[in-house]
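Below, each chain spelled out in residue letters.
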Amino acid sequence: IRIFADLKTRLFLQNSSFVFAYLKGIFAEKNPSYIVVDCNGVGYHLEISLTTYTQIKDQESGLLYVHFVVREDQHILYGFADQSERQLFRQLISVSGVGAATARVMLSSLSPAEISQAILNGQVPLLQSIKGIGAKTAQRIVLELQDKISKENGSVNISLPFANNKNKEEALSALVMLGFSKVQSEKILEKLLKDNSELKVEELVKQALKLL
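The sections below set out a description of the structure shown in this document.

Cut-offs used in this document
- Residues numbered from 1 in each chain as written.
- Predicted model: local features only at pLDDT ≥ 70, side-chain atom pairs only at ≥ 80, totals over all residues.
- Heavy atoms only, no water.
- Axes fitted to C-alpha atoms, helices over the stretch in contact; angles between N-to-C directions.
- Helix = DSSP H or I, 4+ residues; strand = E, 2+ residues; numbered from the N terminus.
- Parallel < 35°, antiparallel > 145°, perpendicular 65-115°, else oblique.
- Left-handed = near helix turned anticlockwise from the far one by under 90°.
- Contact = heavy atoms within 4.5 Å.
- Nonpolar A, V, L, I, M, F, W, Y, C, P; charged D, E, K, R; others polar.
- 1 Å grid on protein atoms, 1.4 Å probe; cavity = no way out; pocket = protein on both sides within 12 Å on 5 of 7 lines; lining within 4 Å.
- Points joined across faces, edges and corners; volume = space filled by probe spheres on them.
- Phe/Tyr/Trp six-rings, centres within 6.5 Å; stacked < 30°, edge-to-face > 60°.
- Buried < 20%, exposed > 50% of the residue type's maximum accessible area, 1.4 Å probe, protein only.

What follows covers the packing of helix H3 (residues 83-93) against helix H4 (residues 100-109). Viewed as axis vectors pointing N to C, H3 and H4 meet at an angle of 130°, and their least axial separation amounts to 9 Å. Put simply, H3 runs oblique to H4. Judged by the sense of rotation from one axis to the other, the crossing of H3 with H4 is right-handed. Across from Glu-85, Leu-88, Phe-89, Leu-92 and Ile-93 in H3, the residues of H4 making contact are Ala-100, Ala-103, Arg-104, Met-106 and Leu-107.

In structure tokens, the structure reads:
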């Protein structure tokens, strides 16, 4: 009986990416790389992209669409400001060699519209310029997703607006949460700020991602 129960649990977890459709509540904590959503007293930690952060950072509460990733050692919730970004995220992770963490870096380096356009136009070098994406992976993304995105007829059209200036610490926190070395990230951020002290947090993160 126990073996059967474990099997049922395993099968449930393997198909649980659609268990959470969305979460709606108070944004108890916001960061360029994650957010904590308070839903009736329960705090849900969601990993987010820079694209989503720029859309919700001025909001005190709201709704985030969710993708649930289950691994042997951890369960991770990814949050998205709209369904089109989540759809692109799911398309990206369907490609061999592109994990959820890599897809999030992609959506933090380029807007969904830019990624979709790059795929449609076969811009392999642009995709390859993103940290963690090699030539073969970039080619595979174009090959496997070009037709799918073309059929959607431009349904992914999120823009990436910028907002108020943030400090180096916030950008550094975002880069560390994305999996980059704190020491290396800090050096790059200091160089970027030395060249332009007025850079906003989103611009800092995006430019740093190109250099890491």
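Glancing now at the packing of helix H8 (residues 168-177) against helix H10 (residues 201-211). H10 packs onto H8 with a crossing angle of 45° between their chain directions and a minimal axis gap of 9 Å. The angle between the axes of H8 and H10 places the two elements in the oblique class. The chirality of how H8 crosses H10 is right-handed. When H8 is examined against H10, the residues Glu-170, Ala-171, Ala-174 and Leu-175 are found in contact with a partner set consisting of Val-201, Leu-204, Val-205, Ala-208 and Leu-209. Of the residues belonging to the contact of H8 with H10, the class tally is eight nonpolar, no polar and one charged.

Let us look at empty space enclosed by the protein. Gaps left between atoms are located by rolling a probe of water-molecule size over the structure's atoms. Inspection of every chain in the model, using the stated rule, returns one cavity of 30 Å³ or more. When its volume is computed, the largest cavity comes out at roughly 30 Å³. If you trace the largest cavity, you find it lined by Glu-47, Ile-48, Ser-49, Tyr-78, Gly-79, Phe-80, Phe-89, Arg-104 and Leu-107. Secondary-structure elements contributing two or more residues to the lining of the largest cavity are strand S5 (75-80) and H4. If one sorts the elements of the lining of the largest cavity by residue count, S5 sits on top with three residues.

Applying the stated criterion to the full structure yields three aromatic pairs. Judged by centre distance (6.5 Å) and plane angle (70°), the ring pair of Tyr-22 and Tyr-65 falls under edge-to-face. Here the residue Tyr-22 occupies a position in strand S1 (residues 22-31), and Tyr-65 occupies one in strand S4 (residues 61-70), the gap between them amounting to 43 residues. Through a chain of ring-to-ring contacts, three or more aromatic side chains come together here, namely Tyr-78, Phe-80 and Phe-89.

For H10, every residue scored as buried is listed here: Val-201, Glu-202, Leu-204, Val-205, Lys-206, Ala-208 and Leu-209. Next to the buried residues of H10 lie helix H2 (50-56), H4, helix H5 (112-120), H8 and helix H9 (182-195).

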